[in-house]
Amino acid sequence: MKDDVATPEDRSASLKGMGTSRKRVEDVRFTQGRGNYVDDIRMDGMLFGDFVRSPYAHARVTRIDAEAAKAVPGVIAVLTAADLEPLGLHWMPTLAGDKQMVLADGKVLYQGQEVAFVVAEDRYIAADAVELVEVEYEELPVVVDPFKALEPDAPVLREDLEGQTEGAHGPRRHHNHIFTWEQGDKDATEAVLSEADVVAEEMVYYHRTHPCPLETCGCVASMDKVTGKLTVWGTFQAPHAIRTVVSLISGIAEHNIRIISPDIGGGFGNKVGVYPGYVCSVVASIVTGKPVKWVEDRMDNLMTTAFARDYWMQGKIAATKEGRITGLWCHTTADHGGFDACADPTKFPAGFMNICTGSYDIPVAYLAVDGVYTNKAPGGVAYRCSFRVTEAAYFIERMIEVLAIKLGMDAAELRRINFIRADQFPYQSALGWEYDSGDYHTAWEKALKAVNYDGLRAEQAQRLEDFKAGKTRKLIGIGLTHFTEIVGAGPVKNCDILGLGMFDSCEIRIHPTGSAIARLGTISQGQGHATTFAQIIASEIGIPADDITLEEGDTDTAPYGLGTYGSRSTPVAGAATAMAARKIRAKAQMIAAYLLEVHDDDVEFDVDRFVVKGAPERFKSMKEIAFAAYNQAIPGLEPGLEAVSYYDPPNMTYPFGAYICVMEFDVDTGEHEVRQFYALDDCGTRINPMIIEGQVHGGATEGYAIAMGQEIAYDEMGNVMTGTLMDFFLPTSWETPHYTTDHTVTPSPHHPIGAKGVGESPNVGSVPCFSNAVHDAFRPFGLTQSHMPHDHWRIWRIANELGLHG
Ligand code: PCD
Ligand SMILES: [Cu+]
């Protein structure tokens, strides 16, 4: 038999298990135009919805006249808040404990807000009719600046909350104030700051941006009046949570709701939240008895769905003369827009921003975050870090640079002397986290060596001399970052969303002939879960990954899970997958021992079989065991071979990375060139190195976009200045830098396979890296801090303000 002669290495290779760069199975479908996205769904009699949106950022809605729109042939209905009110659906709960208007109820709070929902026989008729809905607005004063929003005489944005001094996250001290969240020891930190040798202080702003996935948000809602069953296909990153929310707000029993996330064309956090379009489509389907589709256009998506960041972070960092950091202080003003619609775990209204001590051993720290309402779109979920770790990493990595300037020190050296040492893990941070594992010094040295750091600094110094001598107009900037991520929300004891604990799940069913299907509570949006989760199972139970079907996103078949965001799939659902596989392996072991007529303890697992200890020629392959399981394998033992695991992780995982980039800046035009970008990631055990590399390329490209040009900008009237791809920067292959990827492996001690997440890391790490390169180039001329995005105009302006234009 072939089986008998194959070496364990050959057998292992044929499984395509963990550690192999297995090709992405989903790409066969995607590259041949056979993906199935929401907009591909077509049903008999399907209607289309489109929104009338507010042109004003703050206005009272005094009259809505839909008569002309309703008269258009093919228009079926026009919904307004007045129609939703009797159903109690004119407002909906947000994932952050706030409530949000589904359709304008008396006033609008941001440009693009949903005012009325037109339902028609086709999309074009709906769009035409939208133009005919007459809405009268009475303009109100607009606030787009969160600091101005907190002034005593600022206009009242949320009239529905007037007089409410208690919010979802504690006391409110002003009519536009949402919450104050405090972590750490304020007094101790302030004491350290007042006595320190050196204190560096800076306002670090992380601008408002947007993930802009290729596919916009959308859904098809179909209420079957005969069966009473509501099915909704949609771009949902958390299908089960959506099902529960729909049940809670509609009163439809949860078993009568089926949520399906088909293929998703990129999520990046944009598709975590609940949008008015979903609610309106469901209501319209119930009212009309027909399926209703709603799909945003690009402007809808950019202007109204979950934005990212918009954090003003005032920082102070204290150190000794030698550069040992002694304390960190941060006060953040967080601009949440018109409604607080973030998707952070309940106890963390500013997400995990308290990871802002970063990779450094900082004895005391204090963080306060004030959430503020402004006349901008709500959200704050996205992107590539749902939980504000990007903001935290940007803050600390900028503060380190600012401190290095103040100390007159090399920033690589400053990091080195402050890193948490390998022997300090598990490490308790001053702001309350227990970092599971890390080896920062090793990663840092490897990175510095890989780019020849000293050589780069010498070249940079030479260039500076040449610049001063008038021989060149280009400066070199070296960007450094060492980030620590926190992903895998999360232990149910401290992480829930709307009361739903953030565990995750996997169910595996082995078929008689030894192939299998696995279903998870997560949902891939392009990450390649069908490829990687099968690899975990392959390694755990010895069935080739190619023989395993992986399914996600259908709430009628998948076990309950909290979905995919915050790089939680690998840390949580990945762990559930390994645990479910191990349950199967345990039963397989019993069956194998019985068939081999030895005691359970006398067989051991060997790649794809159980062998009798000391007698490897006596074995039962997993294939044989699977078949036996469907007969009376062991008298009295229940037939079948399947298992489910609901996994509540004991801790988060803490991936980290060392990123270095080299950029050149043309002082006269403000143009830049990314000469080199080196990314070392440590995500613990690596499941699929090729997919990890793809994640790093994608995340770093998004980071490049954010740092160097991407922004959702508003004018003072609250108009979105960047609502189309003409103004919103999305890098193409032309602008995208070349990346060098590298890694170290420090497994997570508590994760069953030692894996940590990686999807978010490259964004968390690359933004400060690019931004630090900009600042580094101009450091010799006195630049300490300037706001992103560092587009050509802003870089030109820096050069100009520093007097470099002669
Ligand atoms: N160690 C390791 C880790 C990991 N991995 C892989 O990698 C990936 C990823 O993972 P993770 O990290 O775990 O993550 P997830 O959960 O899955 O996902 C999520 C993320 O993911 C990322 N990436 C991506 N990609 C794509 N393609 N698309 C998309 O959309 C996206 N998104 C983004 C985001 S944004 Mo948020 O939502 O904001 O929070 S979060 C996020 C997958 O596949 C996995 O399996 C491996 O292999 N290994
Ligand atoms: Cu995150």
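Calculation rules
- Residues numbered from 1 in each chain as written.
- Chains lettered and ligands numbered in written order.
- Predicted model: local features only at pLDDT ≥ 70, side-chain atom pairs only at ≥ 80, totals over all residues.
- Heavy atoms only, no water.
- Helix = DSSP H or I, 4+ residues; strand = E, 2+ residues; numbered from the N terminus.
- Rg over C-alpha atoms; globule rule 2.2 N^0.38 Å.
- Buried < 20%, exposed > 50% of the residue type's maximum accessible area, 1.4 Å probe, protein only.
- Contact = heavy atoms within 4.5 Å.
- Areas by Shrake-Rupley, 256 points an atom, 1.4 Å probe, with all protein chains shown as cover.
- Lys, Arg positive; Asp, Glu negative; His and termini not counted.
- Charge placed at Lys NZ, Arg CZ, Asp CG, Glu CD.
- Phe/Tyr/Trp six-rings, centres within 6.5 Å; stacked < 30°, edge-to-face > 60°.
- Lys NZ or Arg CZ within 6 Å of the ring centre and 35° of its normal.
- Pairing = 2+ DSSP bridges.
- Salt bridge = Lys/Arg side-chain N within 4 Å of Asp/Glu carboxyl O.
- Domains from an automatic or database assignment.
- Buried area = accessible area lost by both parts, 1.4 Å probe.
- Polar contact = N/O pair within 3.5 Å; in protein donor to acceptor, adjacent residues only side chain to side chain.
- Nonpolar A, V, L, I, M, F, W, Y, C, P; charged D, E, K, R; others polar.
- Donors = N, O, S within 2.8 Å, 3.2 Å for Na, K, Ca; no water.
- UniProt positions renumbered as here; feature names shortened; annotations may be inferred.
- Core = buried A, V, L, I, M, F, W, Y, C linked by side-chain atoms within 4.5 Å.
- Near = heavy atom within 4 Å.

Q: Could you give me a rundown of the overall build of the protein chain, with the residues and numbers involved?
A: On a plain count of helices and strands, the protein chain comes out with 21 helices and 34 strands. Rg of the C-alpha trace for the protein chain: 28 Å, near the compact-globule value of 28 Å for 806 residues, within the 12% margin. With respect to the three principal axes, the spread of C-alpha positions in the protein chain is 85 × 75 × 50 Å. Buried residues in the protein chain amount to 62% of all 806 residues. A separation threshold of at least 6 residues defines the contact pool for the protein chain, and within that pool the share at least 24 residues apart is 80%. Entry remark: accessible area of the protein chain is about 29000 Å², with carbon and sulfur atoms responsible for 52%. Between the centroid of the 70 positive side chains of the protein chain and the centroid of its 110 negative side chains there is a distance of 3 Å.

Q: Summarise the packing of aromatic side chains; cite the residues concerned and give the values.
A: Applying the stated criterion to the full structure yields 37 aromatic pairs. Consider the rings of Tyr435 and Tyr654, whose centres lie 5.0 Å apart with planes at 20°: the pair is stacked. With Tyr435 in strand β21 (residues 434–435) and Tyr654 in the loop between β31 (642–647) and β32 (656–666), this pair connects stretches of sequence that are 219 residues apart. Each member of the pair, Tyr435 as well as Tyr654, carries the same accessibility label: buried. Grouping aromatic residues by their ring pairs yields a cluster made of Phe483, Tyr659, Phe677, Tyr704, Phe729, Tyr739 and Phe770. Above the face of the Phe605 ring, Arg585 is positioned so that its terminal group lies 5.0 Å from the ring centre. Taking NZ or CZ as reference, Arg609 lies 3.9 Å from the ring centre of Phe619, over its face.

Q: I'd like to hear about the pairing of strand β12 (residues 198–209), residue by residue, with values.
A: Each regular strand shows side chains that alternate between the opposite faces of the sheet. Within β12, nine of the twelve residues are buried, leaving the element largely enclosed by the surrounding structure. In terms of strand pairing, β12 meets strand β17 (residues 308–319) through eleven bridges, oriented antiparallel. Across the sheet, the residue bridging to Val204 is Met313, located in β17.

Q: Explain the pattern of salt bridges to me, using residue names and the numbers behind them.
A: If you walk through the whole model with that rule in mind, you get 55 salt bridges. We note a salt bridge from Arg416 to Glu413, for which the minimum N-O separation is 2.3 Å. On the criterion of helical spacing, the pair formed by Arg416 and Glu413 is a turn pair, its members being three residues apart in helix α13 (residues 411–418). Looking at Glu413, the relative accessible area reads 30%, which means it is partly exposed. Its salt-bridge partner being Lys446, residue Asp742 comes within 3.3 Å of it at the nearest N-O pair. In this pair, Asp742 is assigned in strand β34 (residues 740–743) and Lys446 in helix α14 (residues 440–450), connecting sequence segments 296 residues apart. One continuous salt-bridge network, built from bridges that share partners, spans Glu507, Arg509, Arg519, Glu551 and Glu642.

Q: I'd like to hear about the domain arrangement of the protein chain, residue by residue, with values.
A: Here the domain parsing of the protein chain yields domain 1 (2–35 + 504–647), domain 2 (38–140 + 216–264 + 271–304) and domain 3 (308–489 + 652–801). Between the C-alpha centres of domain 1 and domain 2 there is a distance of 41 Å. In total, domain 1 and domain 2 occlude about 1500 Å² of area from one another, counting both sides; carbon and sulfur atoms represent 48% of this. Considering only the side of domain 1, the residues that lose the most area to domain 2 are Gln525, Thr555 and Tyr560, jointly responsible for 37% of the buried surface there. Inspection of the domain 1/domain 2 interface yields four salt bridges. For Asp263, the salt bridge identified is with Arg29, shortest N-O distance 2.6 Å. Remark: the boundary between domain 1 and domain 2 carries 13 residue pairs in polar contact (both at pLDDT 80 or more). Here the side of domain 1 that touches domain 2 is composed, by residue class, of seven nonpolar, ten polar and four charged.

Q: Talk me through the coordination of the copper ion (ligand 2); I want residue IDs and the actual numbers.
A: Metal coordination angles have textbook ideals: 109.5 degrees for a tetrahedral set of four donors and 90 or 180 degrees for an octahedral set of six. Within the first shell, the copper ion (ligand 2) binds the protein through Cys385 (SG) and Glu760 (OE), at distances of 2.2 to 2.3 Å. Taken together, the positions of Cys385 in the loop between β19 (364–372) and α12 (389–407) and Glu760 in the loop between β34 and α20 (761–778) put the pair 375 residues apart, joining distant regions of the chain.

Q: So what's going on with the UniProt feature "domain: Aldehyde oxidase/xanthine dehydrogenase a/b hammerhead" (unreviewed entry) in the protein chain? Which residues, and what values?
A: Within this numbering scheme, the UniProt entry marks residues 32–141 as carrying the feature "domain: Aldehyde oxidase/xanthine dehydrogenase a/b hammerhead" (unreviewed entry). Taken end to end, residues 32–141 is 16% helix and 36% strand, and its first and last C-alpha atoms sit 51 Å apart.

Q: Explain the nonpolar core residue by residue, including any values.
A: Among soluble globular proteins, nonpolar side chains are generally buried collectively. Core analysis: the largest hydrophobic core is formed by 181 residues, its most contacted members being Phe352 and Phe778. Beyond its immediate chain neighbours, meaning those up to four positions away, Phe778 contacts Leu475, Phe665, Val667, Leu783, Ile795, Ile798, Ala799, Leu802 and Leu804. With 47 residues, the next largest nonpolar core counts Cys506, Ile537, Ile625 and Ala629 among its residues.

Q: If you had to explain the site of ligand 1 to someone new, which residues and values would you point to?
A: In the vicinity of ligand 1 there are 35 residues, among which Ser386, His529, Gly566, Thr570 and Val758 approach most closely. One of the backbone N or O atoms of Thr685 is found 2.8 Å from a nitrogen atom in ligand 1. Here a nitrogen atom of ligand 1 sits 2.7 Å away from a polar atom, N or O, in the side chain of Gln695. Tallied by class, residues from the shell around ligand 1 come to eleven nonpolar, 20 polar and four charged. Each of two domains, domain 1 (2–35 + 504–647) and domain 3 (308–489 + 652–801), supplies a minimum of three residues to the shell around ligand 1.

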